[in-house]
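Below, each chain spelled out in residue letters.
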Amino acid sequence: MFIELHKRGLAYRKDSAVNWCPGCQTVLANEQVVAGLCERCDTAVTKKKLNQWYFKITDYADRLLDDMKELEGKWPDKVLTMQRNWIGRSQGANVNFVIEGRTEPVTIYTTRPDTLYGATFMVVAVDSELAAELASGTPAEGEFKTYLESVKAASDIDRLATDRPKSGVFLQRYAINPVNGEKLPIWASDYVLADYGTGAIMAVPAHDQRDLDFARAMKLPVRVVVQSDEEDPSVSGVATTGDGKMINSGSLDGLNKVDAITAINKQLEADGLGKSARNYRLRDWLVSRQRYWGTPIPIVHCQKCGEVPVPADQLPLTLPDAKGLDLKPKGQSPLAAATDWVNTSCPKCGAAALRDTDTMDTFVDSSWYFLRYPSSTNHNEPFSRADIDTWLPVDQYVGGVTHAILHLLYSRFFTKVTEPCTRLLNQGMVVMDGSAMSKARGNLVRLSDELENHGVDAIRLSMVFSGPPEDDVDWSDVSPSGSVKFLSRAWRLSGDVTSKPGVDFATGDIALRKATHKALHDAAFAVESFRFNVAIARVMELVNATRKTIDSGPGAADPAVREAVEAIAIMLSLVAPFTSEEMWERLGHKPAIATAGWPVVDEKLLVADVVEAVIQINGKIKERIEVPPTITDAEIEALALAHPTIAAELNGATPKKVIARAPKIVNIVL
RNA sequence: GCCCCGAUAGCCCAAUGGCAGAGGCAGAGGACUUAAAAUCCUCCAAGUGUGGGUUCGACCCCCACUCGGGGCACCA
């Protein structure tokens, strides 16, 4: 996979300030840094300048975003929203500003080109090369360097803090606003990011909160160019970001936001001063890791030929023997010490060459593991086109929401052409003492003890019955002993049945037969819609009805009892295979119940003989009557109006309106 | 600050816009038993977080709010 991506220029190396986890002693992808902490070990992540391998996921940003339309309604909205936010597409414009004393203009990115006349200063990212260049040789250089050092020293966590006061340095230089020729002071600050857009912005304090905060801190002017009813931002401290009529904006005056953006973009483009542009929050996926475990990067570095992929007949490239290697995290890949493995010859020219010693992020492997499943016995290639065409995409994927922007985004990138998983269900977590069970927290249930005490069937049943699968389940609400009781109750039924296997069910008690077929029908529907807790409730109902039929009804010998108990065993086999297998044998059947198949539901047995209908007057229930299920609207309406209770209530009055919904309800409106 | 999800008996949870209760836990009473356990039977409770709206009719749809959970958060 790596080589295929490399061939297409989608796997490449670059120098960059990367996320570095001091705990794991390895680099991390943006997606693996959660609130400034390492996703694996919760250590605060720092920055380090390194040359690393990347996958060009940004080339696919638009497709990853736009193809989500296909997943609408089939994946949880939450996951789709998270992916949309993560990709973070924004539409705006690049605008060129001439810099005094510099030949090259500086390009800035803005989503609000309409507010160009409101710009009162320019800000460049303090850690960008541009900032260093602009500062050099100015009286501000010393101050700039001090500031840059202090920013570098601050961790990501500090940087993420919300109400952090704005800081920055005036670089003693000026940019010229292309639309009105104004001289704008240029500042360097850490509130502008070096790796987003062009790393430089025009500041419009009146209509951008961050710019306003900065302007107020540095005593810079604020100019309103979009009229609004709200208080002057320079007084209120709140930037006005809504729509309104343009003012103080030359030819744009009087236009609304959308029209002004169109007009200014057109004008900038005509004058060669800028053009509309798009930006993404998504960054390329950093895949190098300095760990032993992981897939080695199949590249040989040759003095002459450069990066040479390992030839196909030498794949898969396997790791060197770990024996003798120091696998402890130490900031350099442990593979580097395996000199026998590292030293090799160039596949192209045969000269001495070195293997790449980094391994890949494990998310690389999980991005396509499901492609291997249909071809698991194929020893010639990772997967075959024919198998994939037959079996994929995955119809139903079940996984935790924790992978919303990791595994689930990477997988979509790997298979982009199509979507890897048609439907997605995020199952909930098991909660104990208020938080998700985890080894790190130590709030665990000893599963072995639970299994010892209650049996695997009861534990599994408890989990499934505790609520809908997408909800979290609090362990204190789980009752394995209740499940044990229920399973015993069901199991006992199998010993009560006295009729022989193969008996004709048609001669059995009709009431129980109806209950059985309704349970089978409803449970199947519930299972297919992932409401396992409801399916179990249907089985419990049938167990109760069967118990009653045996104890105080037609008795254990009735064929309907066998039909019911067999149905119970089969339905339970989904979550309690051991118990149901025993039931199956006690019922006189050969193993295995798994091969028994779901009993065919007799539609005729699903129809009730009589149903209870409700008669309402003005939406209030006044009477209940028994009617055949086949009754028509007109018939039930006539029955209702003729009913003595209703006639008395009406007392001769003519209803304004009668709504009949046979066979359930009649509502008489007075 | 912005976005999303949720709120139904003491508890976990059901209910195509049409009788609020399917199921379980807990609780009460009873049968069986010398007794207890186990088993079996019966009973018990909320009017659906709050306030409006749409509708003949709202747990369900719409608006606002409260509380709880989650996500995003200097991305110009």
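Figured I'd write up the structure that's included with this text. (Residues numbered from 1 in each chain as written. Chains lettered and ligands numbered in written order. Predicted model: local features only at pLDDT ≥ 70, side-chain atom pairs only at ≥ 80, totals over all residues. Heavy atoms only, no water.)

### As for the sheet that holds strand S25 (residues 611-617)
The sheet built from four strands is open, its strands ordered S26-S25-S28-S27 with mixed pairing. Two strands bound the open sheet, and with one partner strand each, they are strand S26 (620-627) and strand S27 (657-661). Going from strand to strand, the sheet's axes swing by 15 degrees on average, the running direction of each strand aside. As defined by bridge partners, S27 adjoins strand S28 (residues 665-669) across five bridges and the pair is classed as antiparallel. Across the sheet, residue lysine 657 finds its bridge partner in S28, namely valine 669. Along the sheet, helix H22 (residues 633-642) makes contact with S25, S26, S27 and S28, crossing S27 at roughly 125 degrees. (Pairing = 2+ DSSP bridges. Helix = DSSP H or I, 4+ residues; strand = E, 2+ residues; numbered from the N terminus. Axes fitted to C-alpha atoms, helices over the stretch in contact; angles between N-to-C directions. Contact = heavy atoms within 4.5 Å.)

### Examining the protein's contact with RNA strand B
Neighbouring RNA strand B are 48 residues; Thr111, Arg164, Arg210, Met540 and Arg624 lie closest to it. At the protein interface, 64% of the atoms of RNA strand B within 4 Å belong to sugar or phosphate. At a separation of 3.3 Å, a phosphate oxygen of RNA strand B approaches a polar side-chain atom of lysine 657. Among the elements that make up the surface near RNA strand B, the one with the highest residue count is helix H19 (residues 532-552) (eight residues). (Near = heavy atom within 4 Å. Polar contact = N/O pair within 3.5 Å; in protein donor to acceptor, adjacent residues only side chain to side chain.)

### Remarks on the packing of aromatic side chains
The way to describe two aromatic rings as a pair is by their centre distance and the angle between their planes. Taken as a whole and judged by the stated rule, the model has 21 aromatic pairs. Residues tyrosine 191 and phenylalanine 214 carry aromatic rings whose centres are separated by 5.3 Å and whose planes lie at 40 degrees to one another, so their mutual orientation is tilted. Residue tyrosine 191 is located in the loop between strand S10 (183-189) and strand S11 (200-203), and its partner phenylalanine 214 is located in helix H7 (residues 209-218); the two are separated by 23 residues in the primary sequence. We classify tyrosine 191 as buried; its relative accessible area is 19%. Here a set of aromatic residues connected by ring pairs shows up, and it is made of Phe2, Trp53, Phe55, Tyr60, Trp285, Phe363, Tyr410, Phe413 and Phe414. Seen from the ring of tyrosine 54, lysine 14 lies directly overhead, with NZ or CZ sitting 4.6 Å from the centre. The side chain of arginine 586 reaches across the aromatic face of tryptophan 491, ending 3.8 Å from its centre. (Phe/Tyr/Trp six-rings, centres within 6.5 Å; stacked < 30°, edge-to-face > 60°. Buried < 20%, exposed > 50% of the residue type's maximum accessible area, 1.4 Å probe, protein only. Lys NZ or Arg CZ within 6 Å of the ring centre and 35° of its normal.)

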